[in-house]
Amino acid sequence: GRDEWDECLDAALEVARQAGEVVRAALKTDKEVLTKSSEADLVTETDQKVEKLIISFLQHKFPSHRFIGEESVAAGEGCHLEDAPTWIIDPVDGTTNFVHTFPFVAVSIGFAVKKQLELGVVYSCADDKMYSARRGRGARCNGEALSVSGKHDLSKALLLTEMGSSRDAAEMKTTLGNMHRLLATPLHGIRQLGSAALNMCAVAAGFAEAYYEFGIHCWDMAAAAVIVREAGGVLVDTGGGPFDLMSRRVIAANSEAIAGAIAAVLEQRQPERDDAA
Ligand code: LIP
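Only a predicted model underlies this, so the values are computations on that prediction, with no experimental measurement involved. (Residues numbered from 1 in each chain as written. Predicted model: local features only at pLDDT ≥ 70, side-chain atom pairs only at ≥ 80, totals over all residues. Heavy atoms only, no water.)

J.: Mind showing me how you'd approach the sheet that holds strand β8 (residues 139–141) here?
T.: The pairing of strands in a sheet happens through backbone hydrogen bonds and is either parallel or antiparallel. An order of β3-β4-β5-β6-β7-β8-β9 is seen for the seven strands of this open sheet, with the pairing classed as mixed. Either end of the sheet is taken by a strand with one partner, and the two such strands are β3 (66–69) and β9 (144–145). The sheet strands contacting helix α1 (residues 6–27) are β4 (86–93), β5 (106–113), β6 (116–124) and β7 (129–134), and the helix crosses β6 at an angle near 30°. The sheet contacts of helix α2 (residues 45–61) involve β3, β4 and β5, and relative to β4 the element is tilted by about 150°. (Pairing = 2+ DSSP bridges. Helix = DSSP H or I, 4+ residues; strand = E, 2+ residues; numbered from the N terminus. Contact = heavy atoms within 4.5 Å. Axes fitted to C-alpha atoms, helices over the stretch in contact; angles between N-to-C directions.)

Encoded structure:
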């Protein structure tokens, strides 16, 4: 039967679609691009406008809930996960793709209660795919159940990762070095879609065995984390320990076996936590 969080899932689905329509329409237009933490960390007016749209919609329906949004944090708001029901929002995941009209762009809306992720909605705007999951109720894409791949041998895996937006020499060296080490295990291949949320949905859908990244943020992974778990996958820290939403590190995999094998190969780095300030 329905419970109190079903209403939240309905609202998330409704506003993700609305937001996605705005993003899809904006994809084809000229954009003014601003930078954030590096020359490659981009933001547009659409990111800011769509985040406001999502927050005001949800705030109206759930006035007591808290919000963590990528652009609100960029504007100086806090990034701390408390026990109160909290929405964790990335209005445009894949902003660089968006700027270049590369068609992998998603609206990502996650929801946590008592620091536990309860639901996630990832709307892939270009191809009109709505991924969603409720904790304990499975994951879906456009109504169809999702499940991770059954391949548990790293040497035959297809992985997803990202180069990220850091242009710091030492960080880039670690990032590329890790890809080299993994390819040498060997692997079937490495892909990057340009959106953490869509990389994770690809794992949930069974298109790839795992995704890992250092330097991502809680809003990039909150929603898709629920989708991966509900599709039968696992989330762990890049070091192999428990997943921590605020740690800026993740391995999302089809199994403990694949996640552990990746963790064992990765050279670790610890970016500043999302909740450091
Ligand atoms: C992006 C992530 C991606 C990461 C990029 C960026 P944004 O999110 O999805 O995994 O490599 O640096 O953080 O900024 O487009 O929402």
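Alright, that's what it looks like, and here's the rest.
J.: What is the right way to read helix α5 (residues 169–183) from this model?
T.: Because an α-helix completes one turn every 3.6 residues, residues spaced three or four positions apart along the sequence face the same direction. With 15 residues, α5 extends 21 Å between its outermost C-alpha atoms, agreeing within 8% with the 21 Å of an ideal straight helix rising 1.5 Å per residue. Within α5, burial applies to Thr174, Thr175, Asn178, Met179 and Leu182. End-on view of α5: buried residues confined to an arc of 130°, all on one side of the axis. The outward face of α5, more than 90 degrees from its buried face, is lined by the exposed residues Ala169, Ala170, Lys173 and His180. Contact partners of the buried residues in α5: β10 (158–160), β11 (189–191), β12 (210–214) and α8 (256–265). Where α5 begins, the capping side chain belongs to Asp168, and its oxygen is found 3.2 Å from the backbone nitrogen of Ala170. (Expected span 1.5 Å × (residues − 1). Buried < 20%, exposed > 50% of the residue type's maximum accessible area, 1.4 Å probe, protein only. Arc of directions from axis to C-beta. Polar contact = N/O pair within 3.5 Å; in protein donor to acceptor, adjacent residues only side chain to side chain.)

J.: I keep staring at a nonpolar patch on the surface and nothing clicks. Help me out?
T.: Together, Met163, Met172 and Leu176 line one region of the surface with nonpolar side chains, adding up to about 250 Å² of accessible area. When you line up the elements, Met172 lands in helix α5. (Patch = residues over 30% accessible without salt bridge, like charges linked within 9 Å, V, L, I, M, F, W, Y side chains within 5 Å. Areas by Shrake-Rupley, 256 points an atom, 1.4 Å probe, with all protein chains shown as cover. Salt bridge = Lys/Arg side-chain N within 4 Å of Asp/Glu carboxyl O.)

J.: How do you make sense of the confidence of the model for the chain when you look at a structure like this?
T.: Low pLDDT marks regions whose predicted coordinates should not be analysed in detail. Taken residue by residue, the chain gives an average pLDDT of 97. The fraction at 70 or more is 100%. By mean pLDDT, strand β2 (residues 42–44) is the weakest element of the chain at 93, and strand β14 (residues 249–253) is the strongest at 99. Complex prediction metrics read pTM 0.98 and ipTM 0.96. (pLDDT = per-residue confidence, 0-100.)

J.: Would you mind going over the pattern of salt bridges with me for this structure?
T.: Close approach of charged atoms allows side chains with opposite charge to pair. Across all of its chains, the model carries 15 salt bridges by this definition. A salt bridge links Arg273 to Asp244, with the shortest nitrogen-to-oxygen separation between them at 2.8 Å. Of this pair, Arg273 sits in the segment after α8 while Asp244 sits in the loop between β13 (234–236) and β14; the two residues are 29 residues apart in sequence, bridging distant segments of the chain. Residue classification places Asp244 among the partly exposed positions, given a relative accessible area of 27%. When the shortest N-O distance is used, the salt bridge between Asp275 and Arg273 registers 2.9 Å. Connected via shared salt-bridge partners are Asp3, Asp6, Arg134 and Arg137.

J.: Is there a simple way to think about the site of the ligand in this case?
T.: The environment of the ligand is made up of 15 residues, and the closest members are Asp90, Asp93, Gly94, Thr95 and Glu213. Taking Asp93, its side chain carries an N or O atom lying 2.7 Å from an oxygen atom of the ligand. Interatomic distance of 2.6 Å between a side-chain N/O atom of Glu213 and an oxygen atom of the ligand. Out of a free accessible area of 380 Å², the ligand has 90% covered by protein chains. Of all elements in the fold, only β4 and β12 reach the threshold of two or more residues within the shell around the ligand. Top element by residues in the shell around the ligand is β4. It accounts for three residues. (Near = heavy atom within 4 Å.)

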